[in-house]
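Here is how the chains run, residue by residue.
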Amino acid sequence: MKSEGHIESLRIDERSRRDFLIVSTSTLAATGVALSVWPLIDSLNPASDTLALASTDLNLRPIERGQRVTVVWQGKPVFVDRRTPEAVTKAKADDSAALPDPEKDADRVQREEWLIVVGICTHLGCIPLGQREGSRRGDFGGWFCPCHGSHYDTSGRIRKGPAPRNLVVPPYAFPNPEKLVIG
Ligand code: FES
């Protein structure tokens, strides 16, 4: 026969186990959320404290091929696109297409795997879609500005719609292979 003290300690144990499960679940849920939004949070981390600074640093190591992240530089969104070989091939092949604002892909990148452009449509300043996986990228696989229908290609060049200019390439440097400094 169990004593009252033993029964009470069992209740406490059960409560503790329940609490532990709740805490574990919450922790896991929080971890899951953290992982799924990591690229955005990580890329936005410098935003608040670097808003007024001249440059923004980004660690490139966690960014996979085909992944795009957004950082903030001087209050503006900057799209960092680690391009796939297919995207690079497409951008180069389109050097000879009829371009509203002619520029060769090689003149817009320092390392062809990395395209860095200011994420502001050159028509009236909307932020184009295409950064998130599954979002609309327009007819040329780059970015699409839904405000008035401008389509940019995989080099950030305007290809269709009212925008007059290509997405702007900001000043940037790679101090080492895994670090990008914008500004
Ligand atoms: S602001 Fe982008 S199409 Fe008008």
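Scope of this entry: the structure provided in the associated data block. (Residues numbered from 1 in each chain as written. Predicted model: local features only at pLDDT ≥ 70, side-chain atom pairs only at ≥ 80, totals over all residues. Heavy atoms only, no water.)

1. Section: the pattern of salt bridges
Scanning the entire structure with this criterion turns up 14 salt bridges. Arg 61 is paired through a salt bridge with Glu 178; the nearest N and O atoms lie 3.1 Å apart. Placement of the pair is Arg 61 in the loop between β1 (56–59) and β2 (68–73) and Glu 178 in the loop between β8 (172–176) and β9 (179–182), with a sequence separation of 117 residues. You can call Arg 61 exposed: its relative accessible area is 59%. Close ionic contact of Glu 103 with Arg 108 constitutes a salt bridge, the shortest N to O distance being 2.8 Å. (Salt bridge = Lys/Arg side-chain N within 4 Å of Asp/Glu carboxyl O. Helix = DSSP H or I, 4+ residues; strand = E, 2+ residues; numbered from the N terminus. Buried < 20%, exposed > 50% of the residue type's maximum accessible area, 1.4 Å probe, protein only.)

2. Describing the sheet that holds strand β7 (residues 158–160)
Strand order across the open sheet formed by three strands is β5-β6-β7, with antiparallel pairing between neighbours. At either end of the open sheet lies a strand with only one pairing partner, and these are β5 (141–145) and β7. Shown here is a sheet whose adjacent strand axes are inclined to one another by a mean of 35 degrees, direction ignored. Bridge count for strand β6 (residues 150–153) against β7 is two bridges, and the pairing is antiparallel. Its bridge partner lying in β7, His 151 is registered against Lys 160. (Pairing = 2+ DSSP bridges. Axes fitted to C-alpha atoms, helices over the stretch in contact; angles between N-to-C directions.)

3. Concerning the sheet that holds strand β4 (residues 114–118)
Taken in spatial order, the three strands of this open sheet run β2-β3-β4, and their pairing is antiparallel. Looking at strand neighbours, the two that pair on one side only are β2 and β4, the edges of this open sheet. Across the sheet, the axes of successive neighbouring strands diverge by a mean angle of 25 degrees, strand direction being ignored. Bridge analysis of strand β3 (residues 76–82) against β4 gives five bridges, and the strand direction is antiparallel. Bridge pairing in β4 places Phe 79 opposite Val 117.

4. Brief notes about the state of the cysteines
Scanning the entire structure with this criterion turns up one disulfide. One disulfide bridge connects Cys 126 with Cys 147, the sulfur atoms lying 2.0 Å from each other. With the S-S bond torsion at -105 degrees, the cross-link from Cys 126 to Cys 147 turns out left-handed. Residue Cys 126 is located in the loop between β4 and β5, and its partner Cys 147 is located in the loop between β5 and β6; the two are separated by 21 residues in the primary sequence. Here Cys 126 falls in the partly exposed class, since its relative accessible area comes to 23%. Taking the relative accessible area as the measure of exposure, Cys 147 reaches 37% and is therefore partly exposed. (Disulfide = S-S within 2.5 Å.)

5. What about the pairing of β2?
For β2, the buried fraction is high: six of the six residues fall into the buried class. A two-sided burial pattern is seen for β2, the buried positions comprising Arg 68, Thr 70 and Val 72 on one face and Val 69, Val 71 and Trp 73 on the other. Direction of pairing for β2 relative to β3: antiparallel, over a ladder of six bridges. When the sheet's bridge partners are listed, Arg 68 is paired in β3 with Asp 81.

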